Each structure stands twice: as structure tokens, then as C-alpha cells.
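Chain and residue survey
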Amino acid sequence: MPNGAQALMKTLVDAGVEVCFSNPGTSEMHFVAALDSEPRMRAILALFEGVATGAADGYARMADKPAATLLHLGCGLGNGLANLHNARKGKSPIVNIVGDHATYHTQYDAQLQSDIETVARNVSPGFVRTSATTAELCRDVVDAVRAARGYPGQVATLILPADVSWGEGAVPCPPPAPPSPAVADDAAVAAVAAAVRSGRKVALLLGGRSLREADLLVASRIAEHSGVTLLAEVFPTRMQRGAGLPAVERIAYMAEMAGVQLADIEELILVDAKAPVSFFAYPGKKSYLVPDSCNVLTLATPEQDTTASLEKLAAALGASQVQPKLQVAQRPGVPRGKLSAAKVCRAVGHLLPENAILVDEAITSGLMLSAMTAGAPRHDLITLTGGAIGQGLPNAIGAAVACPDRPVLALIGDGTAMYTIQSLWTMVREQLNVTSIIFNNASYSVLNVELERVGAQGAGPKARSQLDLSGPVLNFAQLAQAMGVHAVRVRTAEELVKAMEYAFAHPGPHLIETIVPESLGGAKRKILPYLLRAMPRLPQSVAGALKRKLAP
Ligand SMILES: Cc1ncc(C[n+]2csc(CCOP(=O)(O)OP(=O)(O)O)c2C)c(N)n1
Ligand SMILES: [Mg+2]
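Summary of the structure given here. Quick caveat, the model's predicted, so the values are computed rather than measured. (Residues numbered from 1 in each chain as written. Chains lettered and ligands numbered in written order. Predicted model: local features only at pLDDT ≥ 70, side-chain atom pairs only at ≥ 80, totals over all residues. Heavy atoms only, no water.)

**Focus on the packing of aromatic side chains**
Applying the stated criterion across every chain yields a total of five aromatic pairs. Seen in terms of ring centroids, phenylalanine 279 and phenylalanine 280 are 5.1 Å apart; in terms of plane orientation they differ by 65°. Their pairing is edge-to-face. The ring of tyrosine 151 is capped by arginine 209, whose NZ or CZ atom sits 3.5 Å from the centre of that ring. In this structure, lysine 285 is placed above the aromatic ring of tyrosine 282, and the distance from its NZ or CZ to the ring centre is 5.6 Å. (Phe/Tyr/Trp six-rings, centres within 6.5 Å; stacked < 30°, edge-to-face > 60°. Lys NZ or Arg CZ within 6 Å of the ring centre and 35° of its normal.)

Written out as C-alpha cells, the structure is:
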């Protein structure tokens, strides 16, 4: 009879959980030892828990199934929390395993004793369980896997006391049945079809799982047939786009711009998406972005099968045979001269390899990314779903592990990169095909913009210094080299293009540090709050043009 950890390992792999992103401690040593009892389990060490959890998130987004994490008690879980939060917002399935002291040890309140369940509940509201006995451990594992990969996907946290792990007499369990999500019911489809036929201005807001090819094609058929607008949620978990796929405009991050996109919509139909709200509250500005006159309907909830629900709607509308509108292939020309963030985005559009996975955590430096890559070869886009920065590099690890045959390109702000910079080490150790482009603008630039936008008064040098990374200036090429990553620092578009071509031709981890000015620096930063404030009062066509200029 295996011990608890060995049986757990077999149960996980039998259920399709084949990768574990780990950062272990003493209470997890039986789990660690059991890794060698199960050749089908791949174990990947991360040097910070936020890397492990973000990698599990990136893996889930691309593999469409959960990986496991292995974290060390409440403190390890706490370190990994921000990226579990991003996973929760992205509805990513993760089997989050947290080791604990042996059950009889907790009474002594030893040094690492803490309330793990309370920490876990924040990111795992649907499933937190402390396994009580070795005999029942594998049943708990199966329940966690079922919860994680259900609809919607979620972070399921299984807390594993050391004695439950080392106890003898465990019995592996067979895998849970695959999820069988419901399809939108007849009444919901009829109501949406009536709205589409009403002659009012209708938009389908696609989120979650509905931003993949199968759904996009059906949504485009509906759009072509009935003249509805297609919109995507602001920060998609995973969006398939590029040449040959229907193009969908994302809701803007800035509420004022999102307001312009939504201004004339009279019927908003949700597909695995929430009605749009402002990312933050701002004094005197709206939080809920749907116009008062707009009616909101739900075609498919995150619990439901979006593809089948969209197909049912298309059938009801007679749109099933309509040709979808596909994005034509077109790349921007090669950039030249001194670098700017926009030129980096142009170079990405110019060179993006076929079937790449693009991770966007470029913050202000990525403003032009969408426009520059719209007609690039088809790719998957991964974004910052929960706003907790430090997600991009770990996500890139997970995506590369899930899709070893695809190039991963991660675009990361300098501030953001420093949260989980240890990711680079794991990329080397696992020889992952990830090219990271860091935008070194020596600033938390977006926060300088936000400082103007929120209308905070009296900000002086002490305030500005909290948003400034210019002293000492970070050297990302050297940081990467110290972790074994091939890295260069570039200042011109010519150097950048050369470095990208080299990276794409030599699979494996690369880092390209780009020295760029702030996208929204100087005069632009001063004018922006005024433009944004004016937007709601401008004629729709002028406001639309302004939005396309600022954030195409
Ligand atoms: C976990 C977490 N901590 C802090 C923040 C606040 N925050 C948002 S953006 C940002 C700075 C981003 O800087 P950088 O990556 O350099 O991008 P830039 O603004 O320069 O484009 C910070 C600190 C956050 N969103 N999440
Ligand atoms: Mg920056």
C-alpha cells in the first residue's frame, strides 16, 4: 500500500494533472519524495511562490486543464496569492496544494503555524479543504480536481497535513467524470434572439472561454448576419486572434474610453462575461459603465457551454451558414531609429512568429500592441486578468510548459518584471522557449498617469519618488544573465529587430531589454486627464476617433 503522498500523486496524474509547480518546505517532504514514485508527473521548481502560482495559471490557460502547485504552509500560500488572484479572475483551473504541519502538531502553535484556510478562501472561495486522514486523501484529491476543472474553472485549494501525507494505507482513486456544462436554455436564446432582431443597437460581449476560435467564428456569423457589434472583455484570460480569425475589439481599460465604446449600445448580450465596470473608482466618475438606457441580457454564464450556446443562437437567427468575417493578413513595416514603446510593439507585429503565445503585461508600453498585431499570424493573447502585477513572466513559464512546440513572447513592464523576476531562472532550468521583452522606462509610468487622473492634490517630490524607478536604474540584461538567460539591452529599432530575429531562430529563453521613454510621459501625461474628462461630452464620432488615436 502506498503512503498518502504516493497515492495522491497517482490520483492526480490519472486525473490528467501532470505538472506540479513547486516551492516546497519540510512539511512537504513526503510529497517531494513521492514525485519519484510517479514518472508521469513533471515537477518544476520555482524560486518564489508567486512564480509557481502564476506558472500554474499560464499552464491552465493554454492546456485547458489544471496543473498542481505545491506551496509551503500559510506563508508560502500568501507569497503566491497575487497570481492565484489573477487565476481566480481568469477562471483558470488550478489544484493548489498547500502543505501543513502534522495534525497533532498544530496545537503547539509552532513557528510556521498559521490559519491557512483563511488565506486560501480569498482565492479559492469554491473549494478549500484540509484533508483529515490518509484513507480519505485521494477522495479529497478527486474532489479538488473536479472543482478546479468544472465550469467555471477555479482555484481549488487542498491543504495537506504532513501526517496525512506520510500515513500508510492510502488508496488511489479513479479520476472524476469530465465536466458537462449546460447549454443556454430555450428561453434565454429566444430572449437574446428577440433583442438581436429588435432593430436596436446590439453588442455581444465575449469573455472567458468565448474568445477562442470556435466561439469567435460563430459570433462573427451572428455579427455578419444581424449587424451586431462584437466586443471582448477588457482583460481576456486567453484570446485567439490574428490573420484568419474574426477580429474583436476589446473594451478599453480607461473607463472614459470604454464609455465611448458602449455609448450607443442598447442591448448588451453577455457571453461568459460580466457587464463592464471601471477598473477603479474615480471621484465624480461612473463605476458601472453600461449606459442607463442599455438593456443587459445573458446568453451564457461562466457555468455554461459558450460554444454550444452561441451555436444555438446562430441557429435561432438563421445565421449558422453565414460566412464569418476574417481578419486579413497584414503586418506593420519594420521600425527604425531610436526606440519607443510603440516601435517595440511595431517590431512585434512585424516579426511575430506563426502560432505564437503572446503574454501582455507591458502596461502603458503596450498601448499600441493590439493595433500592431491585429493582422499578424494567428496567436493566443494572455492578459493580466486580475490586475495584480507580476503575472506575465510566470504565465509565460506555464504557457511554454503547456505548449512546448509554440514560441512564447512575453512583453513586460520594468516595474512589473521585478515582482517575479525569479521566473527567468526556471525558464533556463526547464529550457523553455520564451522570449521576454522588458520595457525599461524607469518608471511606474501608469501610476503617474493615475496620480493625475484621480485628482490627488499636493503631490510633490516625495510622492513622485514612489512612482519612479530611475535611481538606481535597473539593468535587466544583467539580471537575466545572472540567472543564465541569454540577454541583450537595446536602444534602437535596428538592434531590437536583430535581437528578436536571433531569439526566434534559437529556441530557448532569451531576454531583450528595451530602453524606452514613457509612452505617456511629459505633455501627453498632462493633457490626458483633460481629454478623458472631455470624452463623454464630445460627439460620438469625435470621441471614437480620439479613443482610436489614444488606445487603438
Ligand atoms: C500586486 C500589485 N501591486 C501593485 C500594483 C500597482 N501597480 C499597478 S501598475 C504598477 C506599476 C507598473 O509599472 P511598469 O510595469 O513599469 O509599467 P509602466 O507603468 O511603466 O508602463 C503598479 C505598482 C498592482 N497592480 N498589483
Ligand atoms: Mg515602467
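Picking up where we left off.
**Section: the packing of helix H18 (residues 445–453) against helix H22 (residues 522–534)**
At a minimum axis separation of 9 Å, H18 and H22 run at an interaxial angle of 50°. By the angle between their directions, the pair H18 and H22 is classed as oblique. When the axes of H18 and H22 are compared, the crossing they make is right-handed. The segment H18 lies against H22, with Ser445, Asn448, Val449, Glu452 and Arg453 engaging Arg525, Lys526, Leu528, Pro529 and Leu532. Split into classes, the residues belonging to the contact of H18 with H22 amount to four nonpolar, two polar and four charged. (Axes fitted to C-alpha atoms, helices over the stretch in contact; angles between N-to-C directions. Helix = DSSP H or I, 4+ residues; strand = E, 2+ residues; numbered from the N terminus. Parallel < 35°, antiparallel > 145°, perpendicular 65-115°, else oblique. Left-handed = near helix turned anticlockwise from the far one by under 90°. Contact = heavy atoms within 4.5 Å. Nonpolar A, V, L, I, M, F, W, Y, C, P; charged D, E, K, R; others polar.)

**Re the coordination of the magnesium ion (ligand 2)**
Summarising the metal site, the magnesium ion (ligand 2) is bound by the protein donors Asp414 (OD), Asn441 (OD1) and Ser443 (O), whose distances to it range over 2.0 to 2.1 Å. Between consecutive donors of the magnesium ion (ligand 2), the numbers of intervening residues give the motif D-x26-N-x1-S. (Donors = N, O, S within 2.8 Å, 3.2 Å for Na, K, Ca; no water.)

**Description of the site of ligand 1**
The environment of ligand 1 is formed by 18 residues, the closest being Thr364, Asp414, Gly415, Thr416 and Val446. Here an oxygen atom of ligand 1 sits 2.8 Å away from a polar atom, N or O, in the main chain of glycine 415. Within the backbone of serine 443, one N or O atom sits 2.8 Å away from an oxygen atom of ligand 1. Summarising the interface, the protein chains cover 79% of the accessible area of ligand 1, which totals 580 Å² for the free molecule. Looking at the shell around ligand 1, the elements with two or more residues in it are helix H16 (414–417) and H18. Its residues assigned to classes, the shell around ligand 1 comprises eight nonpolar, nine polar and one charged. (Near = heavy atom within 4 Å. Polar contact = N/O pair within 3.5 Å; in protein donor to acceptor, adjacent residues only side chain to side chain. Areas by Shrake-Rupley, 256 points an atom, 1.4 Å probe, with all protein chains shown as cover.)

**A look at helix H5 (residues 81–90)**
Listing the buried residues of H5 in full gives Asn83, Leu84, His85, Asn86, Ala87 and Gly90. In this fold, the buried residues of H5 make contact with helix H3 (49–63), helix H4 (73–79), strand E4 (94–100), strand E6 (155–161) and helix H15 (392–402). Positioned one or two residues after H5, lysine 91 has a phi angle of 60°, which is positive. (Buried < 20%, exposed > 50% of the residue type's maximum accessible area, 1.4 Å probe, protein only.)

**Focus on the environment of proline 291**
Position of proline 291 among the secondary structure elements: in the loop between strand E11 (267–271) and strand E12 (295–300). C-alpha of proline 291 to C-alpha of glycine 259: the two residues are 32 residues apart in sequence and 7.9 Å apart in space. Setting aside chain neighbours within four positions, we find proline 291 in contact with Leu262, Ala263, Ile265 and Lys286.

**Observations concerning the nonpolar core**
As a rule of thumb, soluble globular proteins bury nonpolar side chains together. Residues Leu204, Ile222, Leu299, Val348 and Leu411 are the most contacted members of the largest nonpolar core, which totals 57 residues. Aside from chain neighbours lying at most four places away, what touches isoleucine 222 is Leu204, Gly227, Val228, Leu310, Leu313, Ala314, Leu317 and Ala319. Core analysis: the second largest hydrophobic core is formed by 51 residues, Ala67, Ala396, Ile438 and Ala487 among them. (Core = buried A, V, L, I, M, F, W, Y, C linked by side-chain atoms within 4.5 Å.)

**What about the sheet that holds strand E3 (residues 68–72)?**
Pairing is parallel across the open sheet formed by six strands, whose spatial order is E2-E1-E3-E4-E6-E5. Each edge of the sheet is formed by a strand with only one pairing partner; in this case those strands are strand E2 (42–45) and strand E5 (128–130). Sheet twist, expressed as the mean angle between neighbouring strand axes with direction ignored, is 20°. As defined by bridge partners, E4 adjoins E6 across seven bridges and the pair is classed as parallel. (Pairing = 2+ DSSP bridges.)

**Some points on the sheet that holds strand E10 (residues 249–250)**
Sheet architecture is open: five strands sit in the order E10-E8-E7-E11-E12, paired in parallel fashion. Two strands in the sheet have a free side with no partner beyond their single neighbour: E10 and E12. Here strand E7 (residues 202–206) pairs with strand E8 (residues 229–232) via four bridges, running parallel. Residue leucine 204 lies in a different strand from E8, and its bridge partner there is leucine 230. Sitting on the sheet, helix H12 (residues 306–317) is in contact with E7, E11 and E12, with an inclination near 115° to E12.

**Considerations on the pattern of salt bridges**
If you walk through the whole model with that rule in mind, you get 27 salt bridges. Ionic pairing is found between arginine 129 and aspartate 143, a salt bridge with its closest N-O pair at 2.8 Å. Pair noted here: arginine 129 is in strand E5 and aspartate 143 is in helix H7 (residues 134–149), with a separation of 14 residues, a long-range link. With a relative accessible area of 24%, arginine 129 lands in the partly exposed category. Note on aspartate 143: relative accessible area 19%, which makes it buried. For arginine 464, the salt bridge identified is with glutamate 452, shortest N-O distance 3.8 Å. Here arginine 464 is found in helix H19 (residues 461–465), whereas its partner glutamate 452 is found in helix H18, with 12 residues between them in sequence. If you follow the salt bridges from partner to partner, you end up with Arg129, Glu136, Arg139, Asp140, Asp143 and Arg146 in one network. (Salt bridge = Lys/Arg side-chain N within 4 Å of Asp/Glu carboxyl O.)

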